[in-house]
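Below, each chain spelled out in residue letters.
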Number of protein chains: 2
Amino acid sequence: MKKKEYLEIREEALKYFEKARIVLTEKEIENFEVADFGLNRKDIGLQLIVYVNTDRVCAKEMVLFPGQTCPEHIHPPVHGESGKEETFRCRYGKVFIYVSGNKTENAHCKPPKGNESYYTAWHEIELAPGEQYTLKPGTKHWFQAGQEGTVISEFSTKSRDEFDIFTNPDIKRIPKIEE
Amino acid sequence: MKKKEYLEIREEALKYFEKARIVLTEKEIENFEVADFGLNRKDIGLQLIVYVNTDRVCAKEMVLFPGQTCPEHIHPPVHGESGKEETFRCRYGKVFIYVSGNKTENAHCKPPKGNESYYTAWHEIELAPGEQYTLKPGTKHWFQAGQEGTVISEFSTKSRDEFDIFTNPDIKRIPKIEE
């Protein structure tokens, strides 16, 4: 991703944190992360601030733009420790989370075009502001923002994004910013 | 604590969550916790919502009224696991955290009257909205709200409040609500 593009996406994402009345420090904004998953398409991505990520605990604040999708993945066990456990709490807008399990008929979302085969989890959880859902380790999942976009808090065990396994083999989780 | 008093304190605390624009569900409000630490005085206490508390991760949202103090305590190791690690993130108002370590001269806060000897940690950390601080396990600490009161998010390992060790031996952490 080009630096200019990164800065534009960051500016847009910060508007959502304002809508959710979430206050950030300058340093957090400098370290703002834009994940494009190496796919270079606007409808797949995630914008986030990592508040803390120690060996035991992680907390993040995430933005998805209207209709944007965080692609399907799983958090495997690492170094003998159970996979990441995470709780998503909706702060603004609406988010639809899809997890492995009983398929929800007439789900609200569609997978990103041309990538349908990489979306296999179809049990839907719908979260409005104040609602939350805890994902047990080893649960395949993906999520998509409603039409207003969404702001989501994540409370979890340590984040080791580099170990995440995506259903789409073309995905690269760790972004590269080019000058 | 009498139920009537509990409900009054809860109503007052909910105003602070509104000021911080934090959205809660009805169920969370029903499970709202008012900790008076068994001391029956308004200047020592803590009001909180527990979002999630699994074996690995805990997240809470806390309110302290103007000048109110959460008394000094430590989170000991439990069942062979390190003590609780916690990150406090200020969302509204101002909070002063005091931890063991180099004493801060001219600290902003005073301990609750008559309880001075139970406040021994005097290294001050001041947090405004968007600022946060991570407490390592085994750090003695207490905190007090500034004059506007405060709302604080806590991200931590599992909470086992019943094991907390308070410097004041009269404190009972687990509250009793009487009808």
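Residues numbered from 1 in each chain as written. Chains lettered and ligands numbered in written order. Predicted model: local features only at pLDDT ≥ 70, side-chain atom pairs only at ≥ 80, totals over all residues. Heavy atoms only, no water.

**A word on the overall build of chain A**
No. 1: Helix and strand counts for chain A stand at 2 helices and 9 strands.
No. 2: Helices (α) and strands (β) of chain A occur, in sequence order from the N terminus, as α-α-β-β-β-β-β-β-β-β-β.
No. 3: Counting over 179 residues, chain A shows a buried share of 56%.
No. 4: Long-range contacts, defined as pairs at least 24 residues apart, comprise 75% of the intrachain contacts of chain A with a sequence gap of at least 6. (Helix = DSSP H or I, 4+ residues; strand = E, 2+ residues; numbered from the N terminus. Buried < 20%, exposed > 50% of the residue type's maximum accessible area, 1.4 Å probe, protein only. Contact = heavy atoms within 4.5 Å.)

**Remarks on the interface of chain A and chain B**
No. 1: Between chain A and chain B, the contact holds 31 residues from the first and 30 residues from the second.
No. 2: When the two sides are added together, the surface that chain A and chain B hide from each other amounts to roughly 2,300 Å², 51% of it contributed by carbon and sulfur.
No. 3: Applying the counting rule to chain A against chain B returns 6 salt bridges.
No. 4: Residue R56 of chain B is joined to E81 of chain A by a salt bridge in which the shortest nitrogen-to-oxygen separation is 3.2 Å.
No. 5: The interface formed by chain A and chain B holds 19 residue pairs in polar contact (both at pLDDT 80 or more) in total. (Buried area = accessible area lost by both parts, 1.4 Å probe. Salt bridge = Lys/Arg side-chain N within 4 Å of Asp/Glu carboxyl O. Polar contact = N/O pair within 3.5 Å; in protein donor to acceptor, adjacent residues only side chain to side chain.)

**Looking at the relation of the copies chain A and chain B**
No. 1: Each copy superposes on the other: chain A lies on chain B with an RMSD of 0.0 Å after a rotation of 180 degrees and an axial shift of 0.0 Å. Such a turn and shift between the copies fits a two-fold axis.
No. 2: Residue by residue, 97% of the interface of chain A is reproduced at the interface of chain B, so both copies engage with the same surface. (Least-squares fit on C-alpha atoms with pLDDT ≥ 70 in both.)

**Let's talk about unusual backbone geometry**
Residue and element names in this part refer to chain B.
No. 1: Backbone geometry places F37, a non-glycine residue, at a positive phi of 60 degrees.
No. 2: Inspection of the secondary structure puts F37 in the loop between β1 (33-35) and β2 (46-53).
No. 3: Exposure remark for F37: the relative accessible area of 1% places this residue in the buried category.
No. 4: The residue N40 is not glycine, and still its phi comes out positive at about 55 degrees.

**What about the environment of N168 of chain B?**
Residues and elements named next belong to chain B.
No. 1: The residue N168 is located in the segment after β9 (165-166) in this model.
No. 2: On the accessibility criterion, N168 (5% relative accessible area) is buried.
No. 3: Along the backbone, N168 and H79 are 89 residues apart, and their C-alpha atoms lie at a distance of 24 Å.
No. 4: With sequence-adjacent residues up to four places away left out, N168 is seen in contact with L39, N115 and Y118.
No. 5: Within polar-contact distance, the side chain of N168 engages the side chain of N115 at 3.4 Å.

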